[in-house]
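A structural walkthrough
Chain by chain, the residues run as shown.
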Amino acid sequence: EADIYQTPRYLVIGTGKKITLECSQTMGHDKMYWYQQDPGMELHLIHYSYGVNSTEKGDLSSESTVSRIRTEHFPLTLESARPSHTSQYLCASSEWGQGAQGGYTFGSGTRLTVV
Amino acid sequence: EDKVVQSPLSLVVHEGDTVTLNCSYEVTNFRSLLWYKQEKKAPTFLFMLTSSGIEKKSGRLSSILDKKELFSILNITATQTGDSAVYLCAVEAGSNYQLIWGAGTKLIIKP
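The text that follows walks through the structure, step by step, so that each part is easy to find. Please read these numbers as outputs of a predicted model, since none were measured by experiment.

1. A word on unusual backbone geometry
Between Thr7 of chain A and the following residue, Pro8 of chain A, the backbone shows a cis peptide bond with an omega angle of -5°. Its location among the elements puts Pro8 of chain A in the loop between strand E1 (4–7) and strand E2 (10–13). Of note, the bond from Ser7 of chain B into Pro8 of chain B is cis; its omega dihedral lies within 30 degrees of zero at -10°. Tracing the backbone shows Pro8 of chain B in the loop between strand E1 (3–7) and strand E2 (10–14). Backbone geometry at Leu70 of chain B places phi at a positive 65°, although glycine is not the residue there. Turning to its location among the elements, Leu70 of chain B is positioned in the loop between strand E7 (61–66) and strand E8 (71–76). Located in the positive-phi region is Ala78 of chain B, a residue other than glycine, with phi close to 45°. Inspection of the secondary structure assignment puts Ala78 of chain B in the loop between E8 and strand E9 (85–93). Classification of Ala78 of chain B by relative accessible area gives partly exposed; the value is 39%.

2. Points about the sheet that holds strand E8 (residues 76–78) of chain A
Paired through their backbone hydrogen bonds, the strands of a sheet run either parallel or antiparallel. Residue and element names in this part refer to chain A. Strand order in the open sheet formed by four strands is E1-E3-E8-E7, and the pairing between neighbours is antiparallel. Each edge of the sheet is formed by a strand with only one pairing partner; in this case those strands are E1 and strand E7 (64–66). Each strand axis lies, on average, 15° off the axis of its neighbour in the sheet, ignoring direction.

3. Details of the interface of chain A and chain B
Contacts between chain A and chain B engage 24 residues on the former and 17 residues on the latter. For the pair chain A and chain B, the two sides together bury roughly 1,600 Å², of which 54% comes from carbon and sulfur. In this structure, the connection of chain A to chain B is made through zero salt bridges. Here chain A is connected to chain B by three residue pairs in polar contact (both at pLDDT 80 or more). Contributions of two or more residues to the side of chain A that touches chain B are made by strand E4 (31–37), strand E5 (44–49) and strand E9 (87–94) of chain A. For the side of chain A that touches chain B, the element with the most residues is E4 of chain A, which contributes four residues. Its residues placed into classes, the side of chain A that touches chain B shows 12 nonpolar, nine polar and three charged.

Calculation rules
- Residues numbered from 1 in each chain as written.
- Chains lettered and ligands numbered in written order.
- Predicted model: local features only at pLDDT ≥ 70, side-chain atom pairs only at ≥ 80, totals over all residues.
- Heavy atoms only, no water.
- Helix = DSSP H or I, 4+ residues; strand = E, 2+ residues; numbered from the N terminus.
- Buried < 20%, exposed > 50% of the residue type's maximum accessible area, 1.4 Å probe, protein only.
- Pairing = 2+ DSSP bridges.
- Axes fitted to C-alpha atoms, helices over the stretch in contact; angles between N-to-C directions.
- Contact = heavy atoms within 4.5 Å.
- Buried area = accessible area lost by both parts, 1.4 Å probe.
- Salt bridge = Lys/Arg side-chain N within 4 Å of Asp/Glu carboxyl O.
- Polar contact = N/O pair within 3.5 Å; in protein donor to acceptor, adjacent residues only side chain to side chain.
- Nonpolar A, V, L, I, M, F, W, Y, C, P; charged D, E, K, R; others polar.

Fair warning: the whole summary comes from geometry, so function is off the table for now.
Structure (structure tokens):
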């Protein structure tokens, strides 16, 4: 079944650690996104990709980086975690060239807590 | 600056009631408006609207877009406790089809 997967679901980590949040999709979508969402707040786009070897920063300044070496894989890396990074991180994908027809498909999210 | 504003921010009703959720927007180069339902984790897609005045329906949910007045409404009739969720509105705009998200309406349905 086509889907989008995020791991881990929950992560508690100490300040200064390097972490990578994983996102994989099996739908063959070209466009992929990372959003940050605090409780009760709107989604903020932090990175997106139009396809392999394409990465762009979103509207939320972030100390994170992404890579897109394969169509299905779009990992997010925090080089040095800080308590301000505590949030939920949502990965999504959509088809290219059709806008959001059919909508974005979201992963289940990673709840990150930095202590 | 592009923005999407949802109202109300929260709403508590009883089972069986009908609710109307609002989404207004100001964006450059509007492409489409989307509604999502977010329960515990990831948002799930409900509707995409591109044309004014054409109602989209799915069971007890329906939505309509007014491109002249720059808003959309999401109606839920005969509400059930399973409808309790945050309902998110997003507008797709610009040459790169970016989504601008509203803050959501938290809907609570009491038995």
